[in-house]
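Listed below, chain by chain, are the residues.
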Amino acid sequence: MTTKTRSFRFAVQATRATSAAEWRDLARRTEDLGFSTLFVADHYVGRGPASREARLPPQHLAPIAAIATAAAVTETLRVGCRVFCADYHVPAVLAKEAATLDLLSDGRLEFGIGAGWSEPEYRAMGVPFAPAPQRVAKLTEVVALVKAHWAGGELDHRGEFSTATGYTGLPLPVQRPHPPIMIGGGRRRVLSLAAREADIVSISNVPFDPVDANGLTPHQEAARRLGFVREAAGERFAGLDIESSPYFTEVTGDVEGALARVAERMRVPDDGLREHPNVLVGSAGEIADRLCERRDTLGVNYVSVPQSQLAAFAPIAARLAGQ
């Protein structure tokens, strides 16, 4: 059991708005309801075979413009992308875009970055999908470039996958030494990188098989991943936010019905789904208790819930935020 007791924070992960007014209203409502952060996603495919293969919902908004707009119509709400894919952006350009977002939001950016995972989406957009070790190597380089860009000195970053040399990174972000960096993943190498370099470590996308190839339940696999983070972080561990996204969240009295829908979608038995780290189903009181249990056992203090649950989840966020 972990002794990690960082205070709870809550975010909303939003993937859709069909008008400017709808997006602005969503940002304001997220702030008014007391959530810490509004996250968007770095996915691009709309409805069609690619999104069905990738099991992605339709992606209505591109992230950078959406983040800027949300920041412009709010005052305290933190904003960010959960997470930018290192392969989808020129690294030096992304570093400048992120610094600009932090400046124009008066220091409210949270910068999520990952190695990429959705091969069907890569294929649909014509982006080469390299083997995992190469994608992680690129992510490592991009994190180093971004930090160097934000430090304000003359850049001399020369990597295999990213370059920025002979100029000073501008603008300087408001948050010093840099905006909070989120790195997410499931394997030891990425989680160890996150433990060493990030401020927020995202442990999500735990497999839904009742028992995996290592004989572990989903809860045990999440605990194993937390162990990778703890080992690599050392003394940094106590200062890290551990983030998770229970993307199957539903505040409801019909727990069995909700779990049956998750089981059908993921094509797994519903036994044990109640305890899956990416499932959060029950009454407000039950969910609050489960979140406290998960903070004790899995270290998770930063929880991102889907846009569809904004209103229903708000009382739980209000009850636990800051505790």
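Residues numbered from 1 in each chain as written. Predicted model: local features only at pLDDT ≥ 70, side-chain atom pairs only at ≥ 80, totals over all residues. Heavy atoms only, no water.

Enquirer: Hey, could you run me through the overall build of the chain in this one?
Expert: Broken down by element type, the chain carries 11 helices and 12 strands. Since a compact globule built from 323 residues should have a radius of gyration of about 20 Å, the 19 Å found for the chain is in line with a globular shape. In terms of its C-alpha atoms, the chain occupies a principal-axis envelope of roughly 60 × 45 × 45 Å. When the 323 residues of the chain are sorted by exposure, 54% land in the buried category. At a minimum sequence separation of 6, the contacts of the chain that also span at least 24 residues come to 70%. (Helix = DSSP H or I, 4+ residues; strand = E, 2+ residues; numbered from the N terminus. Rg over C-alpha atoms; globule rule 2.2 N^0.38 Å. Buried < 20%, exposed > 50% of the residue type's maximum accessible area, 1.4 Å probe, protein only. Contact = heavy atoms within 4.5 Å.)

Enquirer: Which parts of the structure should I look at to understand the nonpolar core?
Expert: Across soluble globular proteins, you tend to see nonpolar side chains buried next to one another. Within the largest apolar cluster, 72 residues are counted, with the highest numbers of intra-cluster contacts made by Phe111, Ile113, Ile183, Leu291 and Phe313. Take this core: its biggest share by element is seven residues, from helix 6 (residues 132-151). Those residues in contact with phenylalanine 313 that lie beyond four places of it in its chain are Phe10, Phe35, Thr249, Val251, Leu280, Ile287, Leu291 and Val305. With 12 residues, the next largest nonpolar core counts Phe208, Val268, Leu273 and Val279 among its residues. (Core = buried A, V, L, I, M, F, W, Y, C linked by side-chain atoms within 4.5 Å.)

Enquirer: Mind showing me how you'd approach the side chain of glutamate 221 here?
Expert: With respect to the helices and strands, glutamate 221 occurs in helix 8 (residues 218-233). Only 3.1 Å separates the side chain of glutamate 221 from the side chain of arginine 224, close enough to count as a polar contact. A polar atom in the side chain of glutamate 221 sits 2.8 Å from the side chain of arginine 225. Residues contacting glutamate 221, with those up to four places away along its chain left out, are Gly186, Val206, Pro207, Asp212 and Leu216. (Polar contact = N/O pair within 3.5 Å; in protein donor to acceptor, adjacent residues only side chain to side chain.)

Enquirer: Please explain the sheet that holds strand 9 (residues 241-244) as it appears in this structure.
Expert: Strand pairs in the sheet, formed through backbone hydrogen bonds, run parallel or antiparallel to each other. Taking strand neighbours around the barrel as the criterion, the eight strands line up as 1-2-3-4-7-8-9-12 in a closed arrangement whose pairing is parallel. Taken pair by pair, the neighbouring strands of this sheet meet at an average axis angle of 25°, ignoring direction. Both strand 3 (residues 78-85) and strand 4 (residues 109-114) contribute to a ladder of five bridges, which runs parallel. Residue pairing for strand 4: cysteine 81 is matched across the bridge by phenylalanine 111. Of the strands in this sheet, strand 4 and strand 7 (181-184) are in contact with helix 6, which crosses strand 4 at around 155°. (Pairing = 2+ DSSP bridges. Axes fitted to C-alpha atoms, helices over the stretch in contact; angles between N-to-C directions.)

Enquirer: Honestly, a nonpolar patch on the surface in this entry has me stumped. Any pointers?
Expert: A cluster of nonpolar residues, Leu103, Leu104 and Val174, forms a patch on the protein surface that exposes about 280 Å² of accessible area. Mapping valine 174 onto the fold places it in the loop between strand 6 (163-168) and strand 7. (Patch = residues over 30% accessible without salt bridge, like charges linked within 9 Å, V, L, I, M, F, W, Y side chains within 5 Å. Areas by Shrake-Rupley, 256 points an atom, 1.4 Å probe, with all protein chains shown as cover. Salt bridge = Lys/Arg side-chain N within 4 Å of Asp/Glu carboxyl O.)

Enquirer: Just to check I follow, could you spell out the environment of cysteine 292 for this structure?
Expert: As for its placement among the helices and strands, cysteine 292 is situated in helix 10 (residues 284-298). Given a relative accessible area of 27%, cysteine 292 falls into the partly exposed group. Cysteine 292 has contacts with Phe8 and Leu320, leaving out every residue within four places of it along the chain.

Enquirer: Explain the environment of threonine 163 here, please?
Expert: By the element assignment, threonine 163 lies in strand 6. A C-alpha to C-alpha distance of 9.1 Å links threonine 163 and glutamate 141, two positions 22 residues apart in sequence. Ignoring any residue separated from it by four or fewer positions in sequence, one finds threonine 163 in contact with Ala92, Leu145 and His157.

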